Amino acid sequence: MARHSRDGKPNYPLRRTVAATGLIAVVGGGVWLGMSAFAGAGGTPGDAQEGVAATAPAAGGDGTSPGVKGAEEPVTAEESAAPAPSEDPVVFKLMMAGDVLPHATVNRNASLPDGSYDYAPMMANVLPWIEYADIALCSLEVPLAPPGTEVSAYPVFGAPEGLISSLQAVGWDGCATATNHSLDRGVAGLEYTLEIMDEVGLGHAGTGRSPEETVSPQFYEVEKDGQVLTIAHLSATTFHNGYTEPSQYARSLHALDAHQIDAQAAAARESGADVVVFTPHWGQEYWANLDGLQQDISATLAAGGNVDVVLGGHPHVPQVIEMLPGGASGEGMWVAYSMGNFLSNQDEKCCVVATATGLLVTAEIALDPASGEAKVTGVTWAGSTVDTEGRQRLHPIQSLANGERPEGLTLSGAKIDSRWNNLIGQMGEENHDPAPPQEPSDAVVTVVPRG
(Lines give C-alpha, C1' and ligand atoms only; values in the text may rest on other atoms or scores of the structure.)
Protein backbone atom coordinates (compact mmCIF):
# COMPACT_ATOMS: atom_id res chain seq x y z
CA MET A 1 0.00 0.00 0.00
CA ALA A 2 1.40 3.37 -0.93
CA ARG A 3 1.97 5.80 1.87
CA HIS A 4 1.04 9.43 1.41
CA SER A 5 2.79 12.33 3.02
CA ARG A 6 0.90 14.96 4.96
CA ASP A 7 0.50 17.08 1.83
CA GLY A 8 -1.23 14.18 0.08
CA LYS A 9 1.60 13.35 -2.31
CA PRO A 10 2.45 9.69 -2.83
CA ASN A 11 5.59 8.57 -1.10
CA TYR A 12 7.60 5.40 -0.62
CA PRO A 13 6.02 2.35 1.07
CA LEU A 14 6.26 2.58 4.83
CA ARG A 15 7.52 -0.31 6.89
CA ARG A 16 5.59 -1.26 9.90
CA THR A 17 6.38 1.31 12.58
CA VAL A 18 3.55 2.13 14.96
CA ALA A 19 3.19 4.36 18.00
CA ALA A 20 2.67 2.67 21.34
CA THR A 21 -0.32 3.57 23.46
CA GLY A 22 1.19 2.36 26.71
CA LEU A 23 4.04 3.95 28.64
CA ILE A 24 7.25 2.42 29.89
CA ALA A 25 9.17 3.57 32.92
CA VAL A 26 12.76 4.38 31.98
CA VAL A 27 15.38 4.27 34.67
CA GLY A 28 18.13 6.63 33.57
CA GLY A 29 20.66 5.84 36.24
CA GLY A 30 20.52 9.44 37.40
CA VAL A 31 20.98 12.64 35.43
CA TRP A 32 24.64 13.27 34.77
CA LEU A 33 25.61 16.79 33.75
CA GLY A 34 29.39 16.57 33.76
CA MET A 35 30.91 17.73 30.50
CA SER A 36 34.47 16.41 30.78
CA ALA A 37 33.86 13.90 28.01
CA PHE A 38 33.31 16.66 25.44
CA ALA A 39 36.42 16.99 23.32
CA GLY A 40 35.69 20.44 21.90
CA ALA A 41 34.88 21.75 18.47
CA GLY A 42 34.07 19.14 15.84
CA GLY A 43 33.39 21.26 12.75
CA THR A 44 36.09 20.72 10.15
CA PRO A 45 36.75 21.59 6.52
CA GLY A 46 35.09 18.31 5.49
CA ASP A 47 31.80 19.46 6.93
CA ALA A 48 32.17 22.52 4.73
CA GLN A 49 31.65 20.54 1.51
CA GLU A 50 29.08 22.63 -0.34
CA GLY A 51 27.30 21.47 -1.50
CA VAL A 52 10.56 -9.06 27.71
CA ALA A 53 10.23 -11.60 25.41
CA ALA A 54 6.55 -12.25 24.81
CA THR A 55 5.36 -15.81 24.27
CA ALA A 56 2.86 -16.67 21.54
CA PRO A 57 -0.60 -17.65 22.82
CA ALA A 58 -1.04 -21.34 23.44
CA ALA A 59 -2.78 -23.29 20.71
CA GLY A 60 -6.49 -23.62 21.36
CA GLY A 61 -7.07 -19.91 22.01
CA ASP A 62 -9.12 -20.35 25.19
CA GLY A 63 -6.45 -20.62 27.82
CA THR A 64 -6.30 -24.43 27.73
CA SER A 65 -3.16 -26.37 27.00
CA PRO A 66 -1.99 -26.80 23.38
CA GLY A 67 -4.17 -29.14 21.37
CA VAL A 68 -7.11 -28.97 23.84
CA LYS A 69 -10.29 -27.17 22.93
CA GLY A 70 -13.51 -26.56 24.79
CA ALA A 71 -16.01 -29.37 25.22
CA GLU A 72 -18.10 -28.05 22.38
CA GLU A 73 -15.14 -28.38 19.98
CA PRO A 74 -13.61 -31.87 20.36
CA VAL A 75 -10.05 -32.35 19.17
CA THR A 76 -9.74 -34.20 15.88
CA ALA A 77 -7.04 -36.80 15.23
CA GLU A 78 -5.49 -34.51 12.67
CA GLU A 79 -5.32 -31.63 15.14
CA SER A 80 -3.90 -33.78 17.93
CA ALA A 81 -1.09 -34.86 15.64
CA ALA A 82 -0.13 -31.27 14.75
CA PRO A 83 3.53 -30.52 15.48
CA ALA A 84 4.44 -28.42 18.49
CA PRO A 85 5.52 -24.82 17.84
CA SER A 86 9.19 -24.50 16.90
CA GLU A 87 11.56 -23.67 19.71
CA ASP A 88 14.29 -22.49 17.32
CA PRO A 89 15.62 -18.99 18.01
CA VAL A 90 13.91 -16.16 16.17
CA VAL A 91 16.50 -14.03 14.37
CA PHE A 92 15.91 -10.28 14.24
CA LYS A 93 17.88 -8.00 11.92
CA LEU A 94 18.73 -4.50 13.13
CA MET A 95 20.17 -2.22 10.46
CA MET A 96 21.96 1.10 10.89
CA ALA A 97 23.78 3.34 8.43
CA GLY A 98 26.17 6.29 8.46
CA ASP A 99 25.67 9.99 9.05
CA VAL A 100 22.73 11.91 7.59
CA LEU A 101 24.45 15.22 6.85
CA PRO A 102 22.48 17.36 4.36
CA HIS A 103 24.88 19.88 2.88
CA ALA A 104 23.56 22.72 0.75
CA THR A 105 23.76 20.73 -2.48
CA VAL A 106 21.86 17.86 -0.89
CA ASN A 107 19.11 20.28 0.13
CA ARG A 108 18.95 21.82 -3.33
CA ASN A 109 18.53 18.41 -4.94
CA ALA A 110 15.77 17.56 -2.46
CA SER A 111 13.85 20.83 -2.96
CA LEU A 112 10.55 20.77 -4.84
CA PRO A 113 8.81 23.57 -6.76
CA ASP A 114 6.22 24.02 -4.02
CA GLY A 115 8.91 24.80 -1.44
CA SER A 116 8.86 21.40 0.25
CA TYR A 117 11.72 18.88 0.34
CA ASP A 118 11.86 15.21 -0.56
CA TYR A 119 15.05 13.24 0.18
CA ALA A 120 13.48 9.83 -0.44
CA PRO A 121 14.66 9.48 -4.08
CA MET A 122 18.26 9.74 -2.85
CA MET A 123 17.73 6.59 -0.76
CA ALA A 124 15.73 4.59 -3.33
CA ASN A 125 18.58 2.35 -4.45
CA VAL A 126 19.41 1.21 -0.91
CA LEU A 127 15.79 0.69 0.16
CA PRO A 128 16.21 -3.11 0.37
CA TRP A 129 18.55 -2.75 3.35
CA ILE A 130 16.02 -0.54 5.10
CA GLU A 131 12.75 -2.28 4.36
CA TYR A 132 14.18 -5.81 4.64
CA ALA A 133 15.49 -5.10 8.15
CA ASP A 134 13.24 -5.83 11.11
CA ILE A 135 14.21 -2.48 12.63
CA ALA A 136 16.21 0.32 10.99
CA LEU A 137 17.92 3.16 12.89
CA CYS A 138 19.60 6.18 11.32
CA SER A 139 22.31 8.54 12.52
CA LEU A 140 20.77 12.02 12.27
CA GLU A 141 23.67 14.44 12.42
CA VAL A 142 21.75 17.72 12.19
CA PRO A 143 18.78 19.54 13.74
CA LEU A 144 15.89 21.11 11.92
CA ALA A 145 15.66 24.82 11.32
CA PRO A 146 13.18 26.23 13.86
CA PRO A 147 9.88 27.58 12.49
CA GLY A 148 10.24 30.99 10.92
CA THR A 149 13.95 30.55 10.15
CA GLU A 150 15.79 29.66 6.96
CA VAL A 151 17.17 26.25 6.09
CA SER A 152 20.97 26.23 6.41
CA ALA A 153 23.95 23.95 5.83
CA TYR A 154 27.62 24.12 6.83
CA PRO A 155 28.86 25.50 9.13
CA VAL A 156 25.59 25.85 11.06
CA PHE A 157 23.13 23.20 9.92
CA GLY A 158 19.37 23.58 10.04
CA ALA A 159 17.52 21.07 7.86
CA PRO A 160 13.96 21.38 6.55
CA GLU A 161 11.14 19.42 8.12
CA GLY A 162 11.02 17.33 4.94
CA LEU A 163 14.22 15.55 5.99
CA ILE A 164 12.39 13.91 8.90
CA SER A 165 9.30 12.98 6.90
CA SER A 166 11.53 11.52 4.16
CA LEU A 167 13.46 9.36 6.63
CA GLN A 168 10.21 8.08 8.07
CA ALA A 169 8.64 7.50 4.66
CA VAL A 170 11.36 5.16 3.42
CA GLY A 171 11.24 3.06 6.56
CA TRP A 172 13.59 4.29 9.25
CA ASP A 173 12.13 3.55 12.69
CA GLY A 174 14.24 5.99 14.71
CA CYS A 175 17.53 7.83 14.87
CA ALA A 176 20.48 8.68 17.08
CA THR A 177 20.46 12.46 17.59
CA ALA A 178 23.47 13.21 19.83
CA THR A 179 26.12 14.77 17.56
CA ASN A 180 28.47 17.72 17.35
CA HIS A 181 25.83 19.55 15.29
CA SER A 182 22.83 18.88 17.57
CA LEU A 183 22.83 22.44 18.89
CA ASP A 184 23.71 24.20 15.64
CA ARG A 185 20.34 25.97 15.75
CA GLY A 186 20.20 26.26 19.51
CA VAL A 187 17.85 24.58 21.92
CA ALA A 188 14.91 25.72 19.78
CA GLY A 189 16.16 23.74 16.79
CA LEU A 190 16.99 20.70 18.89
CA GLU A 191 13.56 20.64 20.51
CA TYR A 192 11.74 21.28 17.23
CA THR A 193 13.55 18.30 15.72
CA LEU A 194 12.27 16.05 18.49
CA GLU A 195 8.77 17.49 18.13
CA ILE A 196 8.65 16.60 14.43
CA MET A 197 10.16 13.17 15.04
CA ASP A 198 7.45 12.50 17.61
CA GLU A 199 4.83 13.76 15.18
CA VAL A 200 5.82 11.34 12.40
CA GLY A 201 6.50 8.44 14.79
CA LEU A 202 10.30 8.24 14.69
CA GLY A 203 12.11 7.24 17.86
CA HIS A 204 15.09 9.30 19.05
CA ALA A 205 17.95 8.97 21.52
CA GLY A 206 20.70 11.32 22.65
CA THR A 207 18.97 14.69 22.90
CA GLY A 208 16.02 15.86 24.96
CA ARG A 209 13.68 18.52 26.21
CA SER A 210 14.56 17.71 29.79
CA PRO A 211 17.63 16.26 31.51
CA GLU A 212 15.74 13.01 32.02
CA GLU A 213 14.77 12.64 28.36
CA THR A 214 18.27 13.56 27.19
CA VAL A 215 20.00 10.67 28.95
CA SER A 216 17.21 8.11 28.67
CA PRO A 217 17.19 5.30 26.10
CA GLN A 218 14.59 4.98 23.39
CA PHE A 219 12.79 1.66 23.72
CA TYR A 220 11.47 -0.28 20.73
CA GLU A 221 9.39 -3.43 20.69
CA VAL A 222 9.87 -5.55 17.57
CA GLU A 223 7.30 -8.27 16.97
CA LYS A 224 8.20 -11.10 14.62
CA ASP A 225 7.16 -14.74 14.29
CA GLY A 226 5.13 -14.58 17.48
CA GLN A 227 7.98 -13.18 19.57
CA VAL A 228 8.65 -9.67 20.84
CA LEU A 229 12.18 -8.31 21.14
CA THR A 230 12.63 -5.23 23.32
CA ILE A 231 15.52 -3.01 22.24
CA ALA A 232 16.90 -0.03 24.15
CA HIS A 233 18.84 2.53 22.10
CA LEU A 234 21.31 4.94 23.73
CA SER A 235 23.16 7.75 21.97
CA ALA A 236 25.81 10.21 23.19
CA THR A 237 28.57 12.42 21.81
CA THR A 238 32.13 13.36 22.71
CA PHE A 239 31.89 16.56 20.61
CA HIS A 240 29.78 19.69 20.89
CA ASN A 241 31.22 22.26 18.45
CA GLY A 242 32.29 24.81 21.02
CA TYR A 243 29.20 25.21 23.18
CA THR A 244 31.28 25.83 26.26
CA GLU A 245 28.74 26.83 28.90
CA PRO A 246 27.18 23.73 30.51
CA SER A 247 23.94 25.64 30.99
CA GLN A 248 23.65 25.88 27.20
CA TYR A 249 23.61 22.17 26.50
CA ALA A 250 23.76 19.92 29.56
CA ARG A 251 20.01 19.39 29.78
CA SER A 252 19.69 18.91 26.01
CA LEU A 253 22.69 16.98 24.69
CA HIS A 254 23.95 13.66 26.05
CA ALA A 255 27.69 13.79 26.81
CA LEU A 256 29.52 10.53 26.38
CA ASP A 257 30.91 9.03 29.56
CA ALA A 258 31.54 5.29 29.28
CA HIS A 259 30.76 4.43 32.89
CA GLN A 260 27.51 6.37 32.74
CA ILE A 261 26.51 4.62 29.49
CA ASP A 262 27.19 1.25 31.11
CA ALA A 263 25.03 2.21 34.10
CA GLN A 264 22.21 3.42 31.84
CA ALA A 265 22.43 0.21 29.83
CA ALA A 266 22.15 -1.80 33.06
CA ALA A 267 19.11 0.23 34.07
CA ALA A 268 17.55 -0.33 30.65
CA ARG A 269 17.98 -4.06 31.03
CA GLU A 270 16.33 -3.92 34.43
CA SER A 271 13.46 -2.03 32.79
CA GLY A 272 12.87 -4.83 30.32
CA ALA A 273 15.36 -4.42 27.47
CA ASP A 274 16.50 -7.67 25.89
CA VAL A 275 19.25 -5.90 23.92
CA VAL A 276 20.98 -2.52 24.37
CA VAL A 277 22.35 -0.71 21.30
CA PHE A 278 24.70 2.21 21.80
CA THR A 279 25.45 4.82 19.14
CA PRO A 280 28.46 7.01 20.02
CA HIS A 281 29.45 10.13 18.12
CA TRP A 282 33.23 9.92 18.52
CA GLY A 283 36.59 9.58 16.79
CA GLN A 284 38.52 11.86 14.46
CA GLU A 285 37.10 13.08 11.20
CA TYR A 286 38.67 11.47 8.10
CA TRP A 287 40.81 9.08 10.15
CA ALA A 288 40.65 5.51 8.92
CA ASN A 289 42.37 4.46 12.14
CA LEU A 290 40.83 4.49 15.60
CA ASP A 291 41.79 6.98 18.25
CA GLY A 292 42.55 6.12 21.86
CA LEU A 293 39.26 7.43 23.22
CA GLN A 294 37.23 5.17 20.94
CA GLN A 295 39.24 2.19 22.12
CA ASP A 296 39.02 3.13 25.79
CA ILE A 297 35.26 3.68 25.68
CA SER A 298 34.68 0.42 23.83
CA ALA A 299 36.84 -1.58 26.24
CA THR A 300 35.00 -0.11 29.23
CA LEU A 301 31.59 -0.96 27.76
CA ALA A 302 32.63 -4.48 26.78
CA ALA A 303 33.96 -5.11 30.26
CA GLY A 304 30.81 -3.65 31.84
CA GLY A 305 28.67 -6.34 30.23
CA ASN A 306 25.50 -4.32 29.67
CA VAL A 307 25.82 -3.09 26.07
CA ASP A 308 25.23 -5.62 23.29
CA VAL A 309 26.47 -3.74 20.22
CA VAL A 310 28.12 -0.37 19.47
CA LEU A 311 27.41 1.38 16.14
CA GLY A 312 29.45 4.56 15.82
CA GLY A 313 29.52 7.72 13.77
CA HIS A 314 31.26 11.09 13.23
CA PRO A 315 34.53 10.34 11.37
CA HIS A 316 32.69 10.49 7.98
CA VAL A 317 34.76 7.53 6.78
CA PRO A 318 34.21 3.83 7.45
CA GLN A 319 36.26 2.27 10.23
CA VAL A 320 36.73 -1.35 11.17
CA ILE A 321 34.23 -3.69 12.75
CA GLU A 322 35.50 -5.98 15.49
CA MET A 323 34.33 -8.04 18.42
CA LEU A 324 35.81 -7.27 21.84
CA PRO A 325 35.89 -9.76 24.73
CA GLY A 326 33.11 -9.37 27.28
CA GLY A 327 29.74 -7.94 26.35
CA ALA A 328 26.27 -8.61 27.67
CA SER A 329 26.27 -12.29 26.76
CA GLY A 330 29.86 -12.82 27.89
CA GLU A 331 30.61 -14.02 24.36
CA GLY A 332 31.88 -10.70 23.02
CA MET A 333 30.64 -7.21 22.12
CA TRP A 334 30.57 -6.13 18.49
CA VAL A 335 31.75 -2.61 17.64
CA ALA A 336 31.33 -0.84 14.29
CA TYR A 337 33.53 2.16 15.09
CA SER A 338 32.34 4.36 12.22
CA MET A 339 29.72 3.71 9.60
CA GLY A 340 30.96 6.62 7.48
CA ASN A 341 28.50 8.79 5.56
CA PHE A 342 24.99 8.09 4.39
CA LEU A 343 23.36 11.25 2.98
CA SER A 344 25.98 13.93 2.35
CA ASN A 345 27.83 15.88 -0.34
CA GLN A 346 31.26 14.66 0.70
CA ASP A 347 33.48 12.84 -1.78
CA GLU A 348 36.93 13.15 -3.38
CA LYS A 349 36.33 16.78 -4.36
CA CYS A 350 36.25 18.07 -0.81
CA CYS A 351 37.79 15.48 1.35
CA VAL A 352 39.14 11.97 0.92
CA VAL A 353 37.89 9.11 -1.20
CA ALA A 354 36.46 7.29 1.82
CA THR A 355 33.97 10.10 2.56
CA ALA A 356 32.07 9.06 -0.57
CA THR A 357 31.26 5.69 0.99
CA GLY A 358 29.37 4.42 4.00
CA LEU A 359 28.38 1.19 5.69
CA LEU A 360 24.96 -0.42 5.88
CA VAL A 361 25.51 -2.42 9.06
CA THR A 362 23.25 -5.30 10.06
CA ALA A 363 23.32 -6.80 13.54
CA GLU A 364 21.68 -10.21 13.86
CA ILE A 365 19.96 -10.79 17.19
CA ALA A 366 18.79 -14.27 18.18
CA LEU A 367 15.91 -14.53 20.66
CA ASP A 368 15.44 -17.92 22.31
CA PRO A 369 11.68 -18.48 22.79
CA ALA A 370 12.26 -21.02 25.54
CA SER A 371 14.50 -18.93 27.78
CA GLY A 372 13.54 -15.46 26.57
CA GLU A 373 17.23 -14.60 26.27
CA ALA A 374 18.52 -12.57 23.34
CA LYS A 375 22.03 -11.95 22.08
CA VAL A 376 23.80 -10.41 19.10
CA THR A 377 25.19 -13.30 17.09
CA GLY A 378 26.92 -11.38 14.32
CA VAL A 379 27.46 -8.05 12.58
CA THR A 380 27.87 -7.68 8.83
CA TRP A 381 28.22 -4.76 6.45
CA ALA A 382 27.40 -3.76 2.91
CA GLY A 383 28.70 -0.58 1.28
CA SER A 384 26.95 2.42 -0.23
CA THR A 385 28.37 5.29 -2.23
CA VAL A 386 27.01 8.68 -3.22
CA ASP A 387 26.79 10.12 -6.72
CA THR A 388 27.08 13.81 -5.90
CA GLU A 389 26.64 14.85 -9.54
CA GLY A 390 23.77 12.41 -10.01
CA ARG A 391 21.34 14.22 -7.74
CA GLN A 392 22.95 12.81 -4.58
CA ARG A 393 21.63 9.33 -5.15
CA LEU A 394 23.07 6.50 -3.09
CA HIS A 395 24.07 3.22 -4.73
CA PRO A 396 25.15 -0.18 -3.41
CA ILE A 397 28.84 0.03 -4.23
CA GLN A 398 29.32 -3.71 -4.69
CA SER A 399 26.75 -3.69 -7.49
CA LEU A 400 28.56 -0.85 -9.23
CA ALA A 401 31.90 -2.60 -8.79
CA ASN A 402 30.35 -5.68 -10.42
CA GLY A 403 29.51 -3.64 -13.50
CA GLU A 404 25.95 -2.46 -12.94
CA ARG A 405 25.24 1.00 -14.32
CA PRO A 406 21.82 2.32 -13.24
CA GLU A 407 20.13 5.02 -15.30
CA GLY A 408 21.32 8.48 -14.34
CA LEU A 409 24.64 7.33 -12.84
CA THR A 410 27.45 9.83 -13.43
CA LEU A 411 30.28 7.98 -11.67
CA SER A 412 33.04 6.70 -13.93
CA GLY A 413 34.29 3.15 -13.78
CA ALA A 414 37.65 4.41 -12.52
CA LYS A 415 36.03 6.35 -9.69
CA ILE A 416 33.88 3.38 -8.70
CA ASP A 417 36.93 1.11 -8.64
CA SER A 418 38.88 3.62 -6.56
CA ARG A 419 36.12 3.88 -3.99
CA TRP A 420 35.52 0.14 -3.87
CA ASN A 421 39.19 -0.73 -3.53
CA ASN A 422 39.57 1.82 -0.73
CA LEU A 423 36.51 0.48 1.10
CA ILE A 424 37.34 -3.20 0.88
CA GLY A 425 40.96 -2.45 1.74
CA GLN A 426 39.80 -0.71 4.90
CA MET A 427 37.08 -3.14 5.95
CA GLY A 428 38.32 -6.50 4.68
CA GLU A 429 36.13 -9.38 3.56
CA GLU A 430 35.45 -11.16 6.85
CA ASN A 431 32.17 -9.45 7.76
CA HIS A 432 31.22 -8.32 4.27
CA ASP A 433 27.73 -9.31 3.13
CA PRO A 434 26.72 -7.20 0.13
CA ALA A 435 23.27 -8.70 -0.34
CA PRO A 436 20.25 -7.56 1.70
CA PRO A 437 17.88 -10.16 3.18
CA GLN A 438 15.86 -11.73 0.41
CA GLU A 439 12.39 -11.04 1.77
CA PRO A 440 11.00 -7.72 3.05
CA SER A 441 10.40 -7.84 6.77
CA ASP A 442 6.88 -8.14 8.12
CA ALA A 443 8.01 -7.31 11.64
CA VAL A 444 5.98 -4.70 13.51
CA VAL A 445 8.04 -2.05 15.31
CA THR A 446 6.54 -0.13 18.20
CA VAL A 447 8.28 3.08 19.28
CA VAL A 448 7.63 3.09 23.01
CA PRO A 449 6.92 6.58 24.33
CA ARG A 450 8.88 7.76 27.33
CA GLY A 451 6.86 8.00 30.47
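Residues numbered from 1 in each chain as written. Predicted model: local features only at pLDDT ≥ 70, side-chain atom pairs only at ≥ 80, totals over all residues. Heavy atoms only, no water.

**Thoughts on the pattern of salt bridges**
Logical step 1: For the structure on display, the rule yields nine salt bridges.
Logical step 2: Residue Arg 209 is joined to Asp 198 by a salt bridge in which the shortest nitrogen-to-oxygen separation is 2.8 Å. With Arg 209 in the loop between strand S7 (203-205) and helix H7 (211-215) and Asp 198 in helix H6 (residues 186-200), the pair connects residues that are 11 residues apart, well separated along the chain.
Logical step 3: By relative accessible area, Arg 209 is classed as partly exposed at 29%.
Logical step 4: Among the ionic pairs, Glu 213 bridges to Arg 209, the shortest N-O distance being 2.7 Å.
Logical step 5: Put simply, Asp 347, Glu 348, Lys 349 and Arg 419 are held in one network by salt bridges that share partners. (Salt bridge = Lys/Arg side-chain N within 4 Å of Asp/Glu carboxyl O. Helix = DSSP H or I, 4+ residues; strand = E, 2+ residues; numbered from the N terminus. Buried < 20%, exposed > 50% of the residue type's maximum accessible area, 1.4 Å probe, protein only.)

**Brief notes about unusual backbone geometry**
Logical step 1: With an omega of 5 degrees, the peptide bond between Tyr 154 and Pro 155 qualifies as cis.
Logical step 2: Inspection of the secondary structure puts Pro 155 in the loop between strand S5 (135-140) and helix H5 (161-170).
Logical step 3: Phi is positive for Tyr 286, close to 75 degrees, though the residue is something other than glycine.
Logical step 4: One non-glycine residue, His 316, adopts positive backbone phi at about 70 degrees.

**Quick word on the packing of aromatic side chains**
Working definition: an aromatic ring pair is given by the centre-to-centre distance plus the angle between the planes.
Logical step 1: Taken as a whole and judged by the stated rule, the model has three aromatic pairs.
Logical step 2: Over the ring of Phe 92 we find Lys 224, and its NZ or CZ is 5.9 Å from the ring centre. (Phe/Tyr/Trp six-rings, centres within 6.5 Å; stacked < 30°, edge-to-face > 60°. Lys NZ or Arg CZ within 6 Å of the ring centre and 35° of its normal.)

**Remarks on the environment of Tyr 220**
Logical step 1: Position of Tyr 220 among the secondary structure elements: in strand S8 (residues 218-224).
Logical step 2: Residue class for Tyr 220 comes out buried when judged on its relative accessible area of 0%.
Logical step 3: Residues Tyr 220 and His 233 lie 13 residues apart in sequence; the distance between their C-alpha atoms is 8.0 Å.

**Thoughts on the confidence of the model for the chain**
Logical step 1: Averaged over every residue, the pLDDT of the chain is 85; residues scoring 70 or more account for 80%.
Logical step 2: Below a pLDDT of 50 lies the segment residues 21-73, which in the model reaches 126 contacts outside its immediate sequence neighbourhood of four places, other chains included. (pLDDT = per-residue confidence, 0-100. Contact = heavy atoms within 4.5 Å.)

**Points about the state of the cysteines**
Logical step 1: This structure, assessed with the given rule, holds two disulfides.
Logical step 2: The side chain of Cys 138 participates in a disulfide bridge whose partner is Cys 175; the two sulfur atoms lie 2.1 Å from each other. Negative torsions about the S-S bond denote left-handed disulfides, and the value of about 100 degrees found for Cys 138 with Cys 175 makes this one right-handed. One end of the pair, Cys 138, is in strand S5; the other, Cys 175, is in strand S6 (residues 174-176), and 37 residues separate them in sequence. By the burial criterion, Cys 138 is buried, and Cys 175 matches it.
Logical step 3: Between the sulfur atoms of Cys 350 and its disulfide partner Cys 351 the distance amounts to 2.0 Å. On the sign convention where negative is left-handed, the bridge of Cys 350 and Cys 351, at about -90 degrees about the S-S bond, is left-handed.
Logical step 4: Here the chain pairs its bonded cysteines, counted in sequence order, in the arrangement 1-2, 3-4. (Disulfide = S-S within 2.5 Å.)

**Re H5**
Logical step 1: Across the 10 residues of H5, eight count as buried, placing the element largely inside the fold.
Logical step 2: Taken together, the buried positions of H5 are Gly 162, Leu 163, Ile 164, Ser 166, Leu 167, Gln 168, Ala 169 and Val 170.
Logical step 3: At the C-terminal side of H5, Gly 171 shows a positive phi close to 120 degrees.

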